[in-house]
Every structure is written in C-alpha cells, then in structure tokens.
Amino acid sequence: MKSSIINSIKSLPPLPKTVIDMQRVCNDPNSSINDLVKTVEHDPMIVANLLKAANSPLYSFRREISNVAQAVSLFGMSMTRSIGLGNSVRKLLNVDMEPYGISSDRFAEISSIQAALMHAWYTKIDRAKADKLFLAAFLQETGKIIIASDVIQEDLATNFKSDIEIAIDIAKVERSYVDETTATVTAAIFTHWNFDREFVEMIEFSDMPQQAPEEVKEFANALNIIKTIVPINNPFGEHGIAFGLKKAETAGYDVAKLQGAIDSVLEKIRVK
C-alpha cells in the first residue's frame, strides 16, 4: 500500500465517543433499544442524521418520525448503529469526492442506497445476515474518501475523474492510480479502528469474492453484487443491473428476490 495512503489512515482521529458507545451497546446481548436511545440522544449530529434517514423514502415508514426513540424502534439496533456510524465516519474524514465526479452529499446518498438495496434483498434471504451486510454495504465505499484525497494531493484529479466517469470497473481505475482499490483501503481503515475481522474481511474481499475465506465468501459476494448494481458513477445503470443479476445467478442466488429488491428501491427513489 502506498506510504501516503498508509500515513493518511494512521493519522485518522479516533471514532467519536458516541459511536464507540453505540458499538458497545449493540455488541452487548443484555442491552436494549432503550439503552441505544439513551446513547444516541446526546449526540445532535447522529440524531439529525438518524431522523433524516427515518423520513427518507428509502425506508418507507408510514408516518413522520420526529424523535430518536421512534427512529431506533423502527430501524432496530443494528441499522441504527450502521446509520449513525456511517454518517459519523464521513464527517470525520472530511469528504471531498470531486475526483469521483460527485458531491459529498451524493456520495452519502449512494452509500445509503447501497445499504437500502442490501437490506431489501437480504431480509428475504436471512435476517441475521442482512443486519451484518447492511452495515458493510453502508460503509464499503469509505475508502474512496482516502483515495480521492490522495489523487488530489498528487494533482491527478482531472485525469482520474475522466477515467472514473466512463469506467465499467471502478476498482481497475483506482488500482492504476494508487495501486489499491476502495475495498482494500476501506478494510485498512476499519482495521485501524479495531473493527472485528469478519467485518473487515467481507469488505476486503468484495472485489474478489472467489478469493475470500470460506466464512465470509457469501458476504463478499453480496457486497460485490450490490456495488455492481449501484456503482457511484452510474447507480442502477442498465449494464450494472444486468451484470449484477448475472453475478447473483452465478453465485447461486434466487435472482427474482434481487430483482424485486431493485424494483422496490427504484420505486422509492423515483417518488422522492
């Protein structure tokens, strides 16, 4: 890994206390929804992001959500942690996504769409796995923030942006500029923050699921399929959907379930 990227990761500040407390509560089998509400409600930024997500068409709650307790109850502990953590990480890393041709807000939106698609799909397969994959899908593009920063520092942003705009394989473009991909950089970030090995590996191998350890191969495959369908340079493009469905079929998934999830998320986005 490039020394500049390694140094950027090493210099990352620690996660905010609220995020660490959320992790602790969610990992404690004796904790309750109320414990998580008490943890979250003291952080105005996480509260604002959680309420924004709860009132987004992506999740289609049938009434306006106006307080933390409502949001946490509807999302559940795992999804609440994912949304709070994802938005805190992007804030912490001071997002500038210009090399990828998108704004920081659009980057956050696409991450949310990837997570929503994963949730809509995997809740039809295995709810416990869906909870793990929602967090990974929400955070799997985090490494792009570090890559974008490195490309800007090397004064390569214009060329990089042109290549990303037309890329079918974004990871290939990233590798040609920084010798790494979003998957490997994201994995390094969350290793730095002491996330568990399973979470790190499912993201690390998401560009090459066939090489993943057996215990995370399914997760890596699922993440690869989601970012194929919702790449940041052309979310839900015709080619991406077709290719993602083909990958799902090859991996042994029921393609109808994935197509149904795609249709559901697209409908929510269109009525936005």
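See the structure printed just above.
The structure presented is a predicted model; accordingly, all values stated were derived computationally and were not measured.

### What to know about the overall build of the chain
Reasoning step 1: Along the chain, the regular secondary structure elements total 15 helices and zero strands.
Reasoning step 2: For 272 residues, the compact-globule estimate of 2.2 N^0.38 gives 19 Å, and the chain sits close to it at 18 Å.
Reasoning step 3: Projected onto its principal axes, the C-alpha coordinates of the chain cover approximately 50 × 45 × 40 Å.
Reasoning step 4: Residues classed as buried in the chain amount to 53% of the 272 residues present.
Reasoning step 5: The long-range share in the chain, meaning contacts at least 24 apart out of those at least 6 apart in sequence, stands at 63%.
Reasoning step 6: Carbon and sulfur atoms make up 49% of the accessible area of the chain, which amounts to about 12,700 Å² in all.

### Considerations on the packing of helix α2 (residues 17-27) against helix α5 (residues 68-92)
Reasoning step 1: Running from N to C, α2 and α5 cross one another at 160°; their axes reach a closest spacing of 10 Å. In this view, α2 runs roughly antiparallel relative to α5, as classed from their interaxial angle. Along this stretch, α2 crosses α5, giving a crossing that reads as left-handed. For the pair α2 and α5, the contacting residues are Val19, Met22, Gln23, Val25, Cys26 and Asn27 in the first and Met77, Thr80, Arg81, Gly84, Leu85 and Ser88 in the second.
Reasoning step 2: A per-class count over the contact of α2 with α5 returns six nonpolar, five polar and one charged.

### Points about the nonpolar core
Reasoning step 1: Residues Tyr100, Trp121 and Phe236 are the most contacted members of the largest nonpolar core, which totals 95 residues.
Reasoning step 2: When residues in this core are grouped by element, the largest group, ten residues, is from helix α6 (residues 104-122).
Reasoning step 3: In this view, Tyr100 contacts Lys144, Ile147, Ala148, Phe160, Ile164, Ile170, Glu174, Thr182 and Ile232; residues no more than four positions away in its chain are not counted.

### Some details on the pattern of salt bridges
Reasoning step 1: If you walk through the whole model with that rule in mind, you get 15 salt bridges.
Reasoning step 2: Arg106 is paired through a salt bridge with Glu109; the nearest N and O atoms lie 2.9 Å apart. Of this pair, Arg106 and Glu109 both sit in helix α6, three residues apart, which is roughly one turn of that helix.
Reasoning step 3: Glu109 gets classed as partly exposed once you look at its relative accessible area, which sits at 25%.
Reasoning step 4: Via salt bridges that share partners, Lys2, Asp150 and Glu154 belong to a single interconnected network.

### Description of the side chain of Thr186
Reasoning step 1: In this structure, Thr186 sits in helix α11 (residues 182-192).
Reasoning step 2: At 3.1 Å, the side chain of Thr186 forms a polar contact with the backbone oxygen of Gln140.
Reasoning step 3: If we ignore the near neighbours within four places in the chain, the residues touching Thr186 are Leu139, Gln140, Glu141, Thr142, Gly143 and Ile203.

### Examining helix α12 (residues 197-204)
Reasoning step 1: Phe199, Val200, Glu201, Met202 and Ile203 are the residues of α12 that are buried.
Reasoning step 2: Turning to α12, the residues buried within the fold contact α7 (127-139), α11 and α13 (217-229).
Reasoning step 3: Sitting at the head of α12, Asp196 places a side-chain oxygen 3.2 Å from the backbone nitrogen of Glu198.

### Examining the packing of aromatic side chains
Reasoning step 1: Enumeration according to the criterion identifies ten aromatic pairs in this entry.
Reasoning step 2: Ring pairs connect the aromatic residues Phe190, Trp193, Phe195 and Phe199, which therefore count as one cluster.

### Thoughts on α11
Reasoning step 1: Of all the eleven residues making up α11, eight are buried; the element is thus mostly covered by neighbouring parts of the structure.
Reasoning step 2: Within α11, burial applies to Thr182, Ala183, Val185, Thr186, Ala187, Ala188, Ile189 and Phe190.
Reasoning step 3: Remark: Asn194 follows α11 within two positions and exhibits a positive phi of approximately 65°.

### Details of the environment of Asp196
Reasoning step 1: By secondary structure assignment, the location of Asp196 is in the loop between α11 and α12.
Reasoning step 2: Since its relative accessible area comes to 46%, Asp196 is described here as partly exposed.
Reasoning step 3: A distance of 3.0 Å separates the side chain of Asp196 from the backbone nitrogen of Phe199, its partner in a polar contact.

### A look at unusual backbone geometry
Reasoning step 1: With phi around 65°, Asp179 is a residue other than glycine that occupies positive phi space.
Reasoning step 2: Tracing the backbone through its elements, the reader meets Asp179 in the loop between α10 (170-178) and α11.
Reasoning step 3: For Phe236, which is not glycine, the phi torsion reads 60° and is therefore positive.
Reasoning step 4: Along the chain, the position of Phe236 falls in the loop between α13 and α14 (238-250).
Reasoning step 5: Given the relative accessible area of 14%, Phe236 is considered buried.

Here is what the cut-offs are and how they apply
Residues numbered from 1 in each chain as written. Predicted model: local features only at pLDDT ≥ 70, side-chain atom pairs only at ≥ 80, totals over all residues. Heavy atoms only, no water. Helix = DSSP H or I, 4+ residues; strand = E, 2+ residues; numbered from the N terminus. Rg over C-alpha atoms; globule rule 2.2 N^0.38 Å. Buried < 20%, exposed > 50% of the residue type's maximum accessible area, 1.4 Å probe, protein only. Contact = heavy atoms within 4.5 Å. Areas by Shrake-Rupley, 256 points an atom, 1.4 Å probe, with all protein chains shown as cover. Axes fitted to C-alpha atoms, helices over the stretch in contact; angles between N-to-C directions. Parallel < 35°, antiparallel > 145°, perpendicular 65-115°, else oblique. Left-handed = near helix turned anticlockwise from the far one by under 90°. Nonpolar A, V, L, I, M, F, W, Y, C, P; charged D, E, K, R; others polar. Core = buried A, V, L, I, M, F, W, Y, C linked by side-chain atoms within 4.5 Å. Salt bridge = Lys/Arg side-chain N within 4 Å of Asp/Glu carboxyl O. Polar contact = N/O pair within 3.5 Å; in protein donor to acceptor, adjacent residues only side chain to side chain. Phe/Tyr/Trp six-rings, centres within 6.5 Å; stacked < 30°, edge-to-face > 60°.

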